[in-house]
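These are the residues of each chain, in order.
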Amino acid sequence: MTLEDVCREVVSLFREKIPNSHLEAILIISLALNKPKEYILAHQDLEISPEEIKRIEELSSKRISGIPYAYLKKEKEFFGLNFYIEEGVLIPRPETETIVEVVLQEGPFISGLDLFSGSGIIGLSILYYDACKRFLGVDISSKSIEIADINARRLGLSDRYRLIKADVRYISFDEEFDLIVANPPYLPNSVWDSLDLEVKNEPKEALLGGEDGLIFYPEIARLISENLVEGGLFAVEIGGDEQVDRVKEIFVSYNIRRINVKADLAGISRVIWGRKE
């Protein structure tokens, strides 16, 4: 069987089940053969071994079952960097890059706090581009702490990125920071049943933010109020235009009044940010 035959079969398998079925088929075959996409497209007459066909079938089956491609590849690009990812951690989204954009625009900083740090993409990207000297990442998930540590070591940033496992709702700090970033779970619980199967394969606790999606914002505001130095920057991701006013109200209730909103590339309100007075 040639690569062309395999491509045709995988595309047919994915059609009506996975968007962009042709591209997804090329990606799966590329992953199975450990070859770049360009190689797959340029060598359609290449004969494929039974072992390679079996590997392609295994990955295709997992993809159809709803497992995201990033989990199969164990890697996801974010802000020009490749991060290690595996099941059990939230997959980086392009819209989250908006936080990094704000920080690079407003920096540099000395000491950053990365709340809901996940795989470490926000804090580590900021460190990599020298917009902050050091970071403390906080997450309740042991798996996220493990993956963030792997990413810090892969990027050569372990000495500048500390990690602690803790629940943001109950944590307090003795130290102060001049930068606080956060990407909390912000989907209302009620939307879970309507989410795509792929999204449901990601950790539920990293997506859902309570009845209204806003359960964690008072705690973020508290930590900004308590631990961000005067003049320090905060940048917090939100779930879109419909959450702007309510999150602003929460922050104002903690005497955080200098608040800006930055949209992502889709034009959706994505980051609440400002300087502490």
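So, here is what we can say about the structure in this document. Every chain's residues receive numbers from 1 upward, in the order its sequence appears when written. Reporting in this predicted model follows two pLDDT cut-offs: at least 70 for local features of residues, and 80 or more for side-chain atom pairs to be given and counted; totals over whole chains, interfaces and linings ignore these cut-offs and use all residues. Excluded from the side-chain calculations are hydrogens and water; all other atoms, namely the structure's heavy atoms, are used.

### Some thoughts on the side chain of Glu86
The numbering of helices and of strands both runs from the N terminus, where a helix is a DSSP run of H or I of at least 4 residues and a strand a run of E of at least 2. You can see Glu86 is positioned in the loop between strand 2 (81–84) and helix 6 (97–106). In the analysis that follows, any N or O atom pair within 3.5 Å is treated as a polar contact, provided that within protein one partner can donate a hydrogen and the other can accept it, and provided that, for residues neighboring in sequence, both atoms belong to side chains. Looking at Glu86, its side chain comes within polar contact range of the side chain of Tyr84, at 2.4 Å.

### Considering a nonpolar patch on the surface
Residues qualify for a patch when their relative accessible area is over 30% and they have no salt bridge, like charges being joined within 9 Å and the nonpolar side chains of Val, Leu, Ile, Met, Phe, Trp and Tyr within 5 Å. With residues, only the protein chains shown are counted as cover, and all accessible areas are computed by Shrake-Rupley using a 1.4 Å probe. For this document, the term salt bridge refers to a Lys or Arg side-chain nitrogen within 4 Å of an Asp or Glu carboxyl oxygen. Taken together, the side chains of Leu104, Tyr128 and Tyr129 present a nonpolar region at the surface, about 260 Å² in accessible area. Structurally, the position occupied by Tyr129 is in the loop between helix 7 (121–128) and strand 4 (132–139).

### A word on the pattern of salt bridges
All told, the structure shown has 18 salt bridges when counted by the stated rule. Between Glu75 and Lys73 there is a salt bridge, and its shortest N-O distance comes to 3.8 Å. With relative accessibility at 23%, the residue Glu75 sits in the partly exposed group. When the shortest N-O distance is used, the salt bridge between Arg275 and Glu106 registers 3.3 Å. Placement of Arg275 in strand 9 (residues 269–275) and of Glu106 in helix 6 is noted, with a sequence separation of 169 residues between them. Categorising residues by exposure relies on relative accessible area from a 1.4 Å probe, with only protein chains included: less than 20% of the type maximum marks a residue as buried, more than 50% marks it as exposed, and the intermediate range marks it as partly exposed. Note on Glu106: relative accessible area 22%, which makes it partly exposed. Among the charged side chains, a salt-bridge network with shared partners connects Glu4, Asp5 and Arg8.

### So, the nonpolar core
Ranked by size, the top nonpolar core spans 31 residues in total, and within it Leu115, Val138, Tyr217, Ile220, Ile224, Phe234 and Phe251 carry the most contacts. When contributions to this core are tallied by element, the ones reaching two or more residues are strand 3 (109–115), strand 4, strand 6 (177–182), helix 10 (217–227), strand 7 (228–237) and helix 11 (244–253). Ranked by residue count, the leading element in this core is helix 10, at five residues. Contact partners of Val138, with chain neighbours within four places excluded, come to Leu113, Asp114, Leu115, Phe116, Ser117, Ile164, Ala166, Val168, Ile171 and Phe173. Buried residues of nine kinds, namely Ala, Val, Leu, Ile, Met, Phe, Trp, Tyr and Cys, make up a nonpolar core once their side-chain atoms join them within 4.5 Å. If you look at the next biggest cluster of nonpolar residues, it comprises 29 residues, including Val10, Ile26, Ile28 and Val89. Should any heavy atoms of two residues lie within 4.5 Å, those residues are considered in contact.

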